[in-house]
Amino acid sequence: MALGTATAPYELRFDAGRICLDLLSTTHPEERLDSVDVLRAWITGSGLVPADTALTHADTGWLLSFRELRAQVDRLVRSRPRPGVATYDLALARVNDLARTAPPAPRAVRGEDGQLLRRLDGPPGCAALLAAVARDAVDLLTDPVARAALRQCEGDNCPIVYLDTSRGRRRRWCSSEVCGNRERVARHRRRAALARA
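Residues numbered from 1 in each chain as written. Predicted model: local features only at pLDDT ≥ 70, side-chain atom pairs only at ≥ 80, totals over all residues. Heavy atoms only, no water.

Before we go on, may I ask you to explain the packing of aromatic side chains in this structure?
Two aromatic rings, taken as a pair, are described by how far apart their centres are and by the angle between their planes. Considering all chains together, one arrives at two aromatic pairs under this definition. Look at Phe14 and Trp42: their rings are 6.4 Å apart centre to centre, the planes differ by 35°, and that puts the pair in the tilted class. Pair noted here: Phe14 is in the segment before helix H1 (19-24) and Trp42 is in helix H2 (residues 36-45), with a separation of 28 residues, a long-range link. With a centroid separation of 6.1 Å and 65° between ring planes, the pair formed by Trp42 and Phe66 is classed as edge-to-face. Here Phe66 lies in helix H3 (residues 60-78) and Trp42 lies in helix H2, a separation of 24 residues in the sequence. With a relative accessible area of 0%, Phe66 lands in the buried category. (Phe/Tyr/Trp six-rings, centres within 6.5 Å; stacked < 30°, edge-to-face > 60°. Helix = DSSP H or I, 4+ residues; strand = E, 2+ residues; numbered from the N terminus. Buried < 20%, exposed > 50% of the residue type's maximum accessible area, 1.4 Å probe, protein only.)

Encoded structure:
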């Protein structure tokens, strides 16, 4: 999903290439997970649950748990594993612990038109949803090819980490429409200023 696909007024992004990296993107340019409603929109927008899944049972505890997982994944993604580094080891232990819970169980059901639709076996719990994100992080961290494709956006002041799956592995920005466009505009302004000088 691209920028702006979540329900307004949230501006959530789902273009980092992995669910765990999309969760990291919720800190830029400011805290995005600032309410339970936004967390519900993120959970649905990320594809963790089908679009019509009721998440009315989500509460502030969910918000704090997702932020805590985000901080742990951030530590793991932005640093290289080195034996004996306590913050890395603690983050790894926490993500591994969260990944142990079974993720939400999907099932296929017939819709009114006879087509098969994805539904969950019941209302998803916070631990199950956290497990799905934590497992995605474990998959990313243990896949050497994916780990080698991790990039930090080259845009000014953009901390977003994304998975570069472009041909030739030359992607420079988290989003061509956001940071790439800013860079092209800045480049144009610099050329125009030099032409005037």
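Okay, back to it.
Can you walk me through the environment of Asn157 in this structure?
Position of Asn157 relative to the elements: it lies in the loop between strand E3 (150-152) and strand E4 (161-163). Taking the C-alpha atoms as reference, Asn157 lies 27 Å from Pro144; in sequence the two are 13 residues apart.

Would you mind showing me how to read the packing of H3 against helix H5 (residues 126-142) here?
In a packed pair of helices, the relevant descriptors are the angle between the two axes and the axis-to-axis distance. Packing of H3 against H5 brings their axes to within 11 Å, and their N-to-C directions diverge by 5°. Relative to H5, the element H3 lies roughly parallel. Contact residues: Trp62, Ser65, Phe66, Leu69, Val73, Leu76 and Val77 in H3; Cys126, Leu129, Leu130, Val133, Ala134, Ala137, Leu140 and Leu141 in H5. Broken down by class, the residue content of the contact of H3 with H5 amounts to 14 nonpolar, one polar and no charged. (Axes fitted to C-alpha atoms, helices over the stretch in contact; angles between N-to-C directions. Parallel < 35°, antiparallel > 145°, perpendicular 65-115°, else oblique. Contact = heavy atoms within 4.5 Å. Nonpolar A, V, L, I, M, F, W, Y, C, P; charged D, E, K, R; others polar.)

Honestly, the pattern of salt bridges in this entry has me stumped. Any pointers?
Side chains that differ in charge, positive against negative, can pair when their charged atoms come close. Under the counting rule described, the total for this entry stands at 13 salt bridges. Asp97 serves as the salt-bridge partner of Arg94, at 3.3 Å between the closest nitrogen and oxygen. With a gap of three residues between them, Arg94 and Asp97 both fall in helix H4 (residues 86-99), about one helical turn apart. Residue classification places Arg94 among the partly exposed positions, given a relative accessible area of 30%. Judged by relative accessible area, Asp97 falls into the partly exposed class, the value being 35%. In this structure, Arg151 engages Asp164 in a salt bridge whose closest nitrogen and oxygen atoms are separated by 3.8 Å. On the criterion of sequence distance, the pair formed by Arg151 in strand E3 and Asp164 in the loop between E4 and helix H7 (176-196) is long-range, its members being 13 residues apart. (Salt bridge = Lys/Arg side-chain N within 4 Å of Asp/Glu carboxyl O.)

What am I meant to see in the side chain of Thr53 here?
Tracing the backbone shows Thr53 in the loop between H2 and H3. Given the relative accessible area of 19%, Thr53 is considered buried. Here Pro50 takes part through its backbone oxygen, which lies 2.9 Å from a polar atom of the side chain of Thr53. Setting aside its immediate chain neighbours within four residues, Thr53 contacts Leu120 and Pro124. (Polar contact = N/O pair within 3.5 Å; in protein donor to acceptor, adjacent residues only side chain to side chain.)

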